[in-house]
Every structure is written in C-alpha cells, then in structure tokens.
Amino acid sequence: MKTKILLVEDEESIRKFVKINLEREGYEVLEAGTGEEGVLVANKENPDIVVLDIMLPGIDGFEVCKILRGEFPNLGIIMLTAKAEDYDKIMGLQYGCDDYLTKPFNPTELTLRIKSIERRLEPEEKDESNLIIQPPFKLDTYSRKFYKDDEELELTPTEFQIIKIFMENPKKALNRDEILKLVWGDDFIGDSKIVDVNIRRLRSKVEENSAKPKYIETVWGLGYRWQSEV
C-alpha cells in the first residue's frame, strides 16, 4: 500500500512541483491550499504524513499542526518555512511536528525526511520482545502504545522512537548526535536542537515535574540518560 501524503501549501506552483516529485517516488499525494482545507482533507482521507507550510491563508501552519496532532497522534508532520530563523523551527516542534525544512529546499531532501518518518511509523512483527516494561512505564512496540501507571500517553512518532531508544538503553548516557542518528537517520541535515525540543515535549508528558526530571536526565555537555527504576 502506498504511503499517503497530504501537502498543505498555498502556492500552487510549489504544490504541483512537490507533488510531481513525490508521485515519482511512488507516494499517493493529496493537496490542500489553505489550513482549513488541510484539516478537512486530513479528517476525510487519514493521511500517513503531512507536509505543512507555516505561512497559509486563514489559520496558519502552527495552528493546523496543533489541530492535527491532537486528532492524529501517530501522524507524521513535516513543516515548511520560508524563514531560516530558529524561532519558526522551534515553534513548529513545540506544536508537535516531527521535522522541518526551510524553503527553498531540494525535493530529494524532502523525500529523505519523509523516508525517515516512514521508518518511525513502521510496525514491528509481533512477538514476546514487543513489550518493554520498566515500572511505572510500559512500551508496546507492536501496537505503538506507551503507558505510565497503565494510563496511555499519546506520543508523536518521533517521541515514541526516542522513548524506545531510551528504554532499550536504560541508564546509558546518549549524546545528542547519537539520538539524532538513531531517530532521524544518517542523512538528516540540521542541528541537534531538534533533539532538545523533543526531549522537552517528552518531559512534559512523562515527568511529574518537567523542571525537575526524574526519568529523562540531562547529562551536561553530552546529552540525556533514561533513569529506569529497575
């Protein structure tokens, strides 16, 4: 089955160009020219990945990202921005996007980012190794569900992959570049701030007090460590 991608971009020339390139790569591509239309198409067609421009008529890309993330926790979201400033990138990540690209971008780079998210969305074969239990947490890699005290916590595909890496490596100090490689892949072009923003989001979900993290510890000058209770 083809991966279904929703492209939300108000500039028709860019939208058509990107669509042609993605279809050449074998993807099914849906289109929307406004934020409101993007939300409607997403609800109707249930895409796997959304490529979302920030600057849109009507509701902007940040608001669309927030809406879609609330309705589709497992949706892959890549945000497009015409600005090179860190503000837009960080804002997009805080609203729940998995990745970002700055315009103008190479279509090959977009394809690589999409393939990276596809890897995070791939289901695993069901066997006894699918469950990782580290009280109060339980991770089911087959159903892609994560629980704390038996209550399911909604994670983005990127957050799920980071938690999986942490729980597979309890008490191990992982540097940012290592996390970047394991989650985003060798072909990621960007900086390690994308790791830090995702960690902040994760802490807000798993910690009782994200300002004083108990489980996701900072290893100063290096990265992070999952402090398992087992």
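Residues numbered from 1 in each chain as written. Predicted model: local features only at pLDDT ≥ 70, side-chain atom pairs only at ≥ 80, totals over all residues. Heavy atoms only, no water.

This part is about the overall build of the chain. Across its full length, the chain holds eight helices and 12 strands. Computed over its C-alpha atoms, the radius of gyration of the chain comes to 18 Å, within 12% of the 17 Å expected for a compact globule of 230 residues. Expressed along its principal axes, the backbone C-alpha trace of the chain runs to roughly 55 × 40 × 30 Å. Buried positions account for 51% of the 230 residues belonging to the chain. Put simply, of all contacts in the chain between residues at least 6 apart along the chain, 58% involve residues at least 24 apart. Summing over all exposed atoms, the chain offers an accessible surface of approximately 11200 Å²; the carbon and sulfur share of this is 50%. For the chain, the distance from the average position of its 34 positive side-chain charges to the average position of its 46 negative side-chain charges is 3 Å. (Helix = DSSP H or I, 4+ residues; strand = E, 2+ residues; numbered from the N terminus. Rg over C-alpha atoms; globule rule 2.2 N^0.38 Å. Buried < 20%, exposed > 50% of the residue type's maximum accessible area, 1.4 Å probe, protein only. Contact = heavy atoms within 4.5 Å. Areas by Shrake-Rupley, 256 points an atom, 1.4 Å probe, with all protein chains shown as cover. Lys, Arg positive; Asp, Glu negative; His and termini not counted. Charge placed at Lys NZ, Arg CZ, Asp CG, Glu CD.)

Quick look at the packing of aromatic side chains now. Within a pair of aromatic rings, the relevant descriptors are the distance that separates the centres and the angle that separates the planes. Within this structure, the stated rule accounts for six aromatic pairs. Summarising the aromatic geometry, the rings of phenylalanine 137 and tyrosine 215 are spaced 4.8 Å apart at their centres and angled 85° between planes, so their arrangement reads as edge-to-face. With a gap of 78 residues between them, phenylalanine 137 in strand 7 (residues 137-140) and tyrosine 215 in the loop between helix 8 (193-206) and strand 11 (216-219) connect regions that are remote in the sequence. The class of phenylalanine 137 is buried, set by a relative accessible area of 2%. (Phe/Tyr/Trp six-rings, centres within 6.5 Å; stacked < 30°, edge-to-face > 60°.)

Okay, helix 2 (residues 35-45) next. Considered for burial, the residues of helix 2 that qualify are Gly35, Gly38, Val39, Val41 and Ala42. Down the axis of helix 2, the smallest arc covering the buried residues is 165°, so these residues share one side. In helix 2, the exposed positions that point more than 90 degrees away from the buried face belong to Leu40 and Lys44. Those residues of helix 2 hidden inside the fold are in contact with strand 1 (4-8), strand 2 (28-32) and helix 3 (61-71). Where helix 2 ends, the next residue or the one after it, asparagine 46, has phi of about 50°, a positive value. (Arc of directions from axis to C-beta.)

Further remarks concern the pairing of strand 8 (residues 145-148). As judged from the four bridges shared by strand 7 and strand 8, these two strands associate in the antiparallel manner. Paired with aspartate 140 across the two strands is lysine 145, which belongs to strand 8. What sits between strand 7 and strand 8 in their antiparallel hairpin is a turn of four residues, with arginine 144 showing a positive phi close to 60°. With three bridges joining them, strand 8 and strand 9 (residues 151-153) adopt antiparallel strand pairing. Across the sheet, the residue bridging to phenylalanine 146 is leucine 153, located in strand 9. In this structure, the hairpin formed by strand 8 and strand 9 is closed by a connection of two residues, where aspartate 149 is found at a positive phi of approximately 50°. (Pairing = 2+ DSSP bridges.)

Strand 1 sits mainly inside the fold: five of its five residues count as buried. Alternating positions in strand 1 separate into two faces, Lys4, Leu6 and Val8 on one and Ile5 and Leu7 on the other, with burial throughout. What joins strand 1 to strand 2 is helix 1 (residues 12-24), and the crossover it makes is right-handed. (Right-handed = clockwise from strand over helix to strand, strands pointing away.)

Moving on: the nonpolar core. The tendency in soluble globular proteins is for nonpolar side chains to be buried side by side. With 51 residues, the main nonpolar core has Leu52, Phe146, Ile163 and Phe166 as its most contacted residues. For isoleucine 163, the residues in contact, after removing those within four places along its chain, are Leu139, Phe146, Leu155, Leu202, Val206 and Trp226. Within the second largest apolar cluster, 15 residues are counted, among which are Val51, Phe105, Leu110 and Ile114. (Core = buried A, V, L, I, M, F, W, Y, C linked by side-chain atoms within 4.5 Å.)

The next subject is helix 3. Those residues of helix 3 lying buried are Gly61, Phe62, Val64, Cys65, Leu68 and Arg69. One side of helix 3 carries all its buried residues, which in axial view fall inside an arc of 160°. Looking at where helix 3 begins, the residue whose side-chain oxygen comes 3.2 Å from the main-chain nitrogen of phenylalanine 62 is aspartate 60. (Polar contact = N/O pair within 3.5 Å; in protein donor to acceptor, adjacent residues only side chain to side chain.)

So, to be careful, I would describe these as geometric facts and stop short of saying anything about function.
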